[in-house]
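Next come the chains, spelled out residue by residue.
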Amino acid sequence: MLTPISLMKVIAGEGNNRSTPNDKIFLGVIGTGSRGHHLAYLIKEYGHELGMEVTALCDVYQPHLEHTHAMIPEAKVYNDYRRMLDEATELHGVIICTPLHVHAGPTIDSLDRGLHVFCEKAMARTLDDTYAMAEAYYRTGKSLHIGHQRLFDPKFLRGMNKVYNDDLGVVTQIRAYWHRNNDWRRPVPEGQPELERFINWRLYRDYSCGLLTELASHHIQVANWAKKARPVEVRGTGSISFWRDGREVEDNVALIFSYDDGTQFIYDSMIQNRRHGLEVQVLGHKGTLELETNNFFLEEPPPPPKPAGIVQLLQDLEQNVLGKVPIGSSSWDPEIAMTYKGESIVADNNTDGTFEQFYGFAKAIREDKPIPGLFEEGYYASLWTLLGQQAIDTGKAVKMPEKYDISKFNPREFV
Ligand SMILES: NC(=O)c1ccc[n+]([C@@H]2O[C@H](COP(=O)([O-])OP(=O)(O)OC[C@H]3O[C@@H](n4cnc5c(N)ncnc54)[C@H](O)[C@@H]3O)[C@@H](O)[C@H]2O)c1
């Protein structure tokens, strides 16, 4: 399991061994849609900090390929990733941003050709594909970095330090939610209805598990990271309760992942109300982290500074009078949320870790070996999102089948 300290060192550039300007890292991007274009943009704009450059682009959909090629005209373009892997021999690594069901093939083929792979989350549409990617990772010894950017987000890193340093005490519950208010559809070009499933792949079961693989996978990774463990069981329910437009994936899900020490990770997601946005809360007996919003709260807050003068007098009076009125006892008191504002986890909350992930990827490529523990974070997050979908589909508690346990490859995964 990753320690936050080792990841902070990666971000700080320690051990990157960056040497000469000639020491460039050449990357190919497979899948130049929304995410692929964005990551290609980040590398074009900031990749020089890491000596990274995109030299090859691949997509089967010409409008997306052209859009990203217009941004990086010097890159070679391909419609078939295998041809790219054959011909773009300068590549050190690839970034895979295809739809979920098209992650495994390009990942395994790239690893087998000795390339390092950054593959967007979640890993794959099926448990077997996810496991096949793991086998290729351990077989080749190359890096397989799954795009869980929170692992490189300073507020999550510092927050995890607080968990590991016992600042929260015993953590027995983690709660997360991800709420949006939109139909999650992408526009299909007019006159080409046959492209619906291709463009809106995340709404159809053959290609995606919807809210689970697309959103929940991030917070499952955070929960596992906080617990330094993977769940032992998941139960869940879900429905298409609002966007009844022909989609096959739920728009409303609720799950509970249980850990063997009794911790419960309670998760829900919906896309018909955005009042509460997204959050992941780590709840210990001494404190609480609210990581997405960069907050830390102690159960016993430090006393506020004493007000002066007349305000103090009024407060003392109120205390004295109300404190003596026999209106109830502790068994009666309602549980009211704390009003104390807590403290920020980091002072500068100006990144979500997306670009910082490439510090890790650059380090792995330069050293020609993976960052220990990083892959396992992505693996178990992906696996448990798929098991969560099984729990919803079957209405039963689901455990991980033994055959998907990768500790046989890496017995120190959670050390
Ligand atoms: N980490 C994050 O926060 C984050 C955010 C958004 C998306 N993602 C992930 O990025 C991935 C892509 O999502 P997206 O929103 O960019 O999807 P998208 O549909 O916008 O892009 C996917 C691209 O892959 C292309 N493609 C499909 N099959 C291909 C093949 N065989 N070879 C080459 N290209 C192919 C499509 O034509 C399309 O251009 C998903 O796994 C998604 O979960 C991650």
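Residues numbered from 1 in each chain as written. Predicted model: local features only at pLDDT ≥ 70, side-chain atom pairs only at ≥ 80, totals over all residues.

(A) A look at the pairing of strand S4 (residues 93–96). The side-chain alternation of S4 yields two buried faces, one formed by Gly93 and Ile95 and the other by Val94 and Ile96. Relative to S4, strand S1 (residues 25–30) runs parallel, the two sharing four bridges. Within S4, the residue paired with Val29 across the bridge is Ile95. In this view, the connection linking S4 to its parallel neighbour strand S5 (residues 116–119) by way of helix H5 (residues 104–112) has right-handed handedness. (Buried ≥ 20, exposed ≤ 12 C-beta atoms within 10 Å, placed from the backbone. Helix = DSSP H or I, 4+ residues; strand = E, 2+ residues; numbered from the N terminus. Pairing = 2+ DSSP bridges. Right-handed = clockwise from strand over helix to strand, strands pointing away.)

(B) Structural context of the nonpolar core. One finds Leu27, Val29, Ile174, Ala226 and Val282 to be the most contacted residues of the largest nonpolar core, which totals 100 residues. Take this core: its biggest share by element is eleven residues, from helix H12 (residues 374–394). Residues from two domains meet in this core; each of domain 1 (4–149 + 352–371) and domain 2 (154–302 + 338–344) gives at least three. Setting aside anything within four residues of it in sequence, one finds Val29 in contact with Gly36, Leu39, Ala40, Val54, Leu57, Cys58, Ile95 and Cys97. (Core = buried A, V, L, I, M, F, W, Y, C linked by C-beta atoms within 7 Å. Domains from an automatic or database assignment. Contact = placed C-beta atoms within 7 Å.)

(C) Expanded view of the site of the ligand. Gly31, Gly33, Arg35, Tyr61 and Glu120 are the nearest of the 23 residues found near the ligand. Per-element accounting of the shell around the ligand gives the leading share, three residues, to helix H2 (residues 34–46). Of the residues in the shell around the ligand, the class split is nine nonpolar, nine polar and five charged. (Near = placed C-beta within 6 Å. Nonpolar A, V, L, I, M, F, W, Y, C, P; charged D, E, K, R; others polar.)

(D) Just the environment of Asp112, in detail. Within the element layout of this structure, Asp112 appears in helix H5. The class for Asp112 is partly exposed, based on 13 C-beta atoms found within 10 Å. Separated by 30 residues in the primary sequence, Asp112 and Lys142 have C-alpha atoms spaced 8.9 Å apart. Apart from the residues within four sequence positions on either side, Asp112 is in contact with Ala136 and Thr140.

(E) Seen up close, the packing of H2 against helix H3 (residues 62–71). H3 packs onto H2 with a crossing angle of 10° between their chain directions and a minimal axis gap of 10 Å. Of the possible angle classes, the one that applies to H2 and H3 is roughly parallel. Contact with H2, carried on its side by Gly36, His37, Ala40, Tyr41 and Lys44, involves His67, Thr68 and Met71 of H3 and no other residues of that element. In terms of residue class, the contact of H2 with H3 is made up of three nonpolar, four polar and one charged. (Axes fitted to C-alpha atoms, helices over the stretch in contact; angles between N-to-C directions. Parallel < 35°, antiparallel > 145°, perpendicular 65-115°, else oblique.)

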